[in-house]
Amino acid sequence: MNSAKSFLILSIAAILAWGCAHSGEEDSIAPLAPASGRVDPGLGPGTQALSSGPGYKGSPSWSPEGDRIAFTVDGYVVDKPTGSEDLRHWTTRDFFAEDTEWEPDDALMILGAAPSAGTQEISSSLYRAQPGDDSLELENVENEVTAIGAGEDRLYFALGSGAHESWLAMTRSGGKIDRRYSNPIGGRVAYLSLAPDGEQAVLAVRPPGDRKVSVLRVFDLRKGQGREITRLEGAREILGTPQWTEQGIYFVAGKQSTTLDSDGAEPLYNIYRVPEEGGSPELASGVGEDFVAASIRVSPDGRRLAVVGRLNPKSPTNLYVLDPLAKVLTAVTTNEDMEIKTGPDDLAWSPGGKSVAVIARGTPSTEPEVRADPADRLLRDFYNLYEIPVDSPEAPPR
Amino acid sequence: MRDVVFWLSGAALAFVVTAGAFLLLANLATTPSEKSLNPDRGPVGSGPAIDLQLDRERLASLEPLPDQILDLSVENEDDEPLSDVNVILITSTENTALSDSRYYRQTVEKIPAGGAESVRFEFDLVVPEQPVRRPSAAPPEPSREILEIRANTPEGTSTVRTVILPP
């Protein structure tokens, strides 16, 4: 009986000792690879890094299925699947690309300039690139192209060699020009985008004799006729591509300035709205008087605007979504330590309208930074692409 | 009386066994320590642990000129001596359109257990000429220089440090 008691007590003591004791060795968890999976780089939960490593990235463009994203890096064009790191080069590294648009057959239309031997700036051309072409040879579609805008299965582009006249043309696929519009447009088309129905285009134009982009025109793509809908007075200029929403045409404009303002602040730009029938531009409702806009993009359904900007000149740059019908601006990110890139083409809606791609980096240090990862895996130290989820509102009754 | 003692003992034993089982399960899924979440990545691969120590003041003194010197320390964190540790320095620029990466290699013949050896690299940190860029393609500030230092052992362990130098 005594031995049974002793066994029982020892068993209980052993269980307690084993259960209470911590193991001497801590299992080390390797840090997450910076560019894989969901990360929170300061842009909110659910944000996914779409690129990593050094390089000045820009002009993101989602494939029609939303499974790939193309973008420029230091001028050349690459794309990659959204879920892996399998980077694909579309141009040589000495190419200067300004914009890219996907074709339905997985080809890429590229607005840019091939390298030249001289130092003189050369005009841009429209090129077509095929996937899987190891030679990186580009098919020249048209020279002297100044702007491109994509519809469902069509790409419209503006061309012209001088400052006085431009023309529009359209290609469906295969690099063949399917239609050239004969009616000229006065001035040089700087930006171009399509209405939600794809039957009209809005053009931001630099008029003859003017050094700034100050005129908005709409162009009926079926009839081949256009008209001016607004003209900015004074020193204001249009920045980036105007966006045609279901509630009118929105654009970013502000005082023309190539240097810092006299008070040391950056030039300030606002979001304006003009009805498609034309008229004087008015400040966009719901945004706030102090808002400093950088770039805007209309959602695929034409009902929302993604906006990169600041609530006031001293606020950090963040991503917002403006509902033009409800006149409500919603913050998507509330970051304070990431610099979101503010180029006019540096944001893009995913085809389903559920997320927006932006380009951001951490604030660079003035001291040497030491990291424990290879350079091509670093995120915050360089401008990189991030996919930020955006809540979808209830679809209003039509 | 004996029955009461028997049932009380049985209930206590059942409680202790159940509690022990839960404690055991909890220990099997131990939360990692805060140290393991440190962003400083440890050596990759199997084999002895090595580390690289860089002098921040020395890094700050580097200039975009030829004949720069970088001193670093390779530490053997294992309890066995290490031999033939390859240390590679790769210099590049933030502008990836410029294919100007340069590679430098040093071999450390022996590092005692728990000890360290110094390595000196003499290298050129010359900023390549930037091509003429359009405003849309040009970054707003000069490109930064990047130093990537890797230490590899014959056993397959490696560790890496990336240094980003301000312009």
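Everything numeric here is computed off the predicted structure, so don't read it as measured data. (Residues numbered from 1 in each chain as written. Chains lettered and ligands numbered in written order. Predicted model: local features only at pLDDT ≥ 70, side-chain atom pairs only at ≥ 80, totals over all residues. Heavy atoms only, no water.)

Novice: Is there a simple way to explain the confidence of the model for chain B in this structure?
Specialist: Caution applies to low-pLDDT parts of the model: their predicted coordinates are not meant to be read in detail. All names here are of chain B. Put simply, chain B has an average pLDDT of 80, and 75% of its residues get 70 or more. Confidence drops under a pLDDT of 50 for residues 29–40, and excluding neighbours within four residues, the segment shows 13 contacts in the predicted structure. Interface confidence in the predicted complex, given as ipTM, is 0.78; pTM for the same model is 0.81. (pLDDT = per-residue confidence, 0-100. Contact = heavy atoms within 4.5 Å.)

Novice: I keep staring at the sheet that holds strand β9 (residues 139–142) of chain A and nothing clicks. Help me out?
Specialist: Two orientations exist for strands paired in a sheet by backbone hydrogen bonds: parallel and antiparallel. Residues and elements named next belong to chain A. Ordered in space as β6-β7-β8-β9, the four strands form an open sheet in which the pairing is antiparallel. Each edge of the open sheet carries a strand with a single partner, namely β6 (96–102) and β9. Strand-to-strand twist across the sheet, computed as the mean angle between neighbouring axes with direction ignored, equals 30 degrees. Summarising the sheet, β6 and strand β7 (residues 108–113) pair through six bridges and their orientation is antiparallel. For aspartate 99, the partnering residue across the bridge sits in β7 and is leucine 111. (Pairing = 2+ DSSP bridges. Helix = DSSP H or I, 4+ residues; strand = E, 2+ residues; numbered from the N terminus. Axes fitted to C-alpha atoms, helices over the stretch in contact; angles between N-to-C directions.)

Novice: Would you mind showing me how to read the environment of glutamate 237 of chain A here?
Specialist: Residue and element names in this part refer to chain A. Locating glutamate 237 in the fold gives a position in strand β19 (residues 236–245). A relative accessible area of 15% places glutamate 237 in the buried class. The sequence separation of glutamate 237 and valine 390 amounts to 153 residues, and the corresponding C-alpha distance is 30 Å. Among the polar contacts made by the side chain of glutamate 237, one reaches the side chain of tyrosine 269 at a distance of 2.9 Å. (Buried < 20%, exposed > 50% of the residue type's maximum accessible area, 1.4 Å probe, protein only. Polar contact = N/O pair within 3.5 Å; in protein donor to acceptor, adjacent residues only side chain to side chain.)

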